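Secondary and tertiary structure notes
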Amino acid sequence: MTHEAAGVPPTRNDDDRQDDDRPAEPQQPQQPAPEAAASAGDAAPRPEARLAKAVQAAEQALIEFEIAVETFRVEVENFSRLHHQKLGPMYARLDELDAQIAEARAAKTGDPEDLRKAKEARDIVMPMPGVDELFHDWMDGDGLSPEASAMLTEQPVRPPKRVRPSEEARKLYRELARKAHPDLAQDEPERERRDEFITRVNAAYGRGDVELLKELAAEWAAGPAQPLAPLSESEELYARLDWLSRRKELLTVLAKELEEGAIGSMLRMAPDDPDQLLEDIGEQLLGEVSRREAELAELVQ
């Protein structure tokens, strides 16, 4: 920036001072610079334009938040299923050993309190089935579980292989969610199309199916190009901002429930490698099984 531009008087040399003695020449009227003329002719930006930018920013922020919540929900669901599949038999074995130890101790002592504890331990091993047990792996919060739906539609059952899908699957999922998210729809038919598509994306991501995610990415790329939405009026933009705000509040509640749940709390113990956490828990349970088997062996000698 020059001194003149900054409003600082220029330093004058001797030639400048000699020029001061010359008669002043009439000054020609200055023509405005082309850039200045163009700027003067520009109209001020409409308030709706600024509001539209705010809505666009809010939409993108909400989509990123939904991606994060859905990613965590998938990990919670996968961890729960794999926890049951891999560690369920160990928990059942521990319950059975506890019951056998309590029964062996009660048989030795004949103490009423030991007999009561033995009965309680046996009841834990063979409880009356409740609704949750009867419908285990058949119902979830949205209705039929993926495994049940696959069976009813004669599709192969593909449970998740890992708690956290691979980095490639996560990248494909994030790209698809940002492009095809229903919140970007401008009318109801488009929202329905995006809802159906993103449901398939979520299911593929939940299983960590990279190949299917690639197929879905190609399908979306080949779909109809969406025209740019015309500038909305301020009332519609304010209504959109209000909806985005309420949607974020609902997602915040869901995220809190996931984080504070039993599985979510376990996942927070190993945010970098939840699959290793399952292995560690399995090793601890195997150690507990060995200790109880040794205790039972001493009691029945």
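Below: a short report on this structure.

The rules behind each value
- Residues numbered from 1 in each chain as written.
- Predicted model: local features only at pLDDT ≥ 70, side-chain atom pairs only at ≥ 80, totals over all residues.
- Heavy atoms only, no water.
- Salt bridge = Lys/Arg side-chain N within 4 Å of Asp/Glu carboxyl O.
- Helix = DSSP H or I, 4+ residues; strand = E, 2+ residues; numbered from the N terminus.
- Buried < 20%, exposed > 50% of the residue type's maximum accessible area, 1.4 Å probe, protein only.
- Polar contact = N/O pair within 3.5 Å; in protein donor to acceptor, adjacent residues only side chain to side chain.
- Contact = heavy atoms within 4.5 Å.
- Expected span 1.5 Å × (residues − 1).
- Arc of directions from axis to C-beta.
- Phe/Tyr/Trp six-rings, centres within 6.5 Å; stacked < 30°, edge-to-face > 60°.

**Remarks on the pattern of salt bridges**
What the rule picks out here adds up to 25 salt bridges. The salt bridge partner of Glu190 is Arg194, with a shortest N-O separation of 2.7 Å. Residue Glu190 and its partner Arg194 are located together in helix α9 (residues 188-207), separated by four residues, close to a single helical turn. Residue Glu190 shares its accessibility class with Arg194, and that shared class is buried. The partner of Arg291 in a salt bridge is Glu288, with the nearest N and O atoms 2.4 Å apart. Here Arg291 and its partner Glu288 are both found in helix α13 (residues 274-299), three residues apart, which amounts to about one turn of the helix. For Arg291, a relative accessible area of 49% gives the class partly exposed. You can call Glu288 partly exposed: its relative accessible area is 27%.

**Here we look at the environment of Asp242**
Note on placement: Asp242 falls in helix α11 (residues 234-260). With relative accessibility at 41%, the residue Asp242 sits in the partly exposed group. A sequence separation of 187 residues divides Asp242 from Val55, and the C-alpha atoms of the two residues are 9.7 Å apart.

**Quick notes on the side chain of Arg122**
If you trace the backbone, Arg122 turns up in helix α5 (residues 112-125). Judged by its relative accessible area of 18%, Arg122 falls in the buried class. In this structure the side chain of Arg122 is engaged in a polar contact, spanning 2.9 Å, whose partner is the side chain of Glu96. Every residue in contact with Arg122, bar those within four places of it in the chain, is listed here: Glu96, Ala99, Gln100 and Glu103.

**Topic: helix α8 (residues 167-180)**
With 14 residues, α8 should cover 20 Å at 1.5 Å per step; its first-to-last C-alpha distance of 20 Å lies within 8% of that length. Among the residues making up α8, those that are buried are Ala169, Leu172, Tyr173, Leu176, Ala177 and Ala180. On an axial view of α8, the arc spanned by its buried residues comes to 130°, and they lie on one face. Residues of α8 that are buried make contact with α4 (47-109), α9 and α10 (210-221).

**A short note on the packing of aromatic side chains**
Under the counting rule described, the total for this entry stands at two aromatic pairs. Judged by centre distance (4.3 Å) and plane angle (15°), the ring pair of Tyr173 and Tyr205 falls under stacked. With Tyr173 in helix α8 and Tyr205 in helix α9, the pair connects residues that are 32 residues apart, well separated along the chain. Taken as a pair, Tyr173 and Tyr205 share a single burial class, namely buried. With centroids separated by 5.0 Å and ring planes inclined at 40°, the aromatic side chains of Phe197 and Trp220 adopt a geometry described as tilted. You can see Phe197 sitting in helix α9 and its partner Trp220 sitting in helix α10, a full 23 residues away along the chain.

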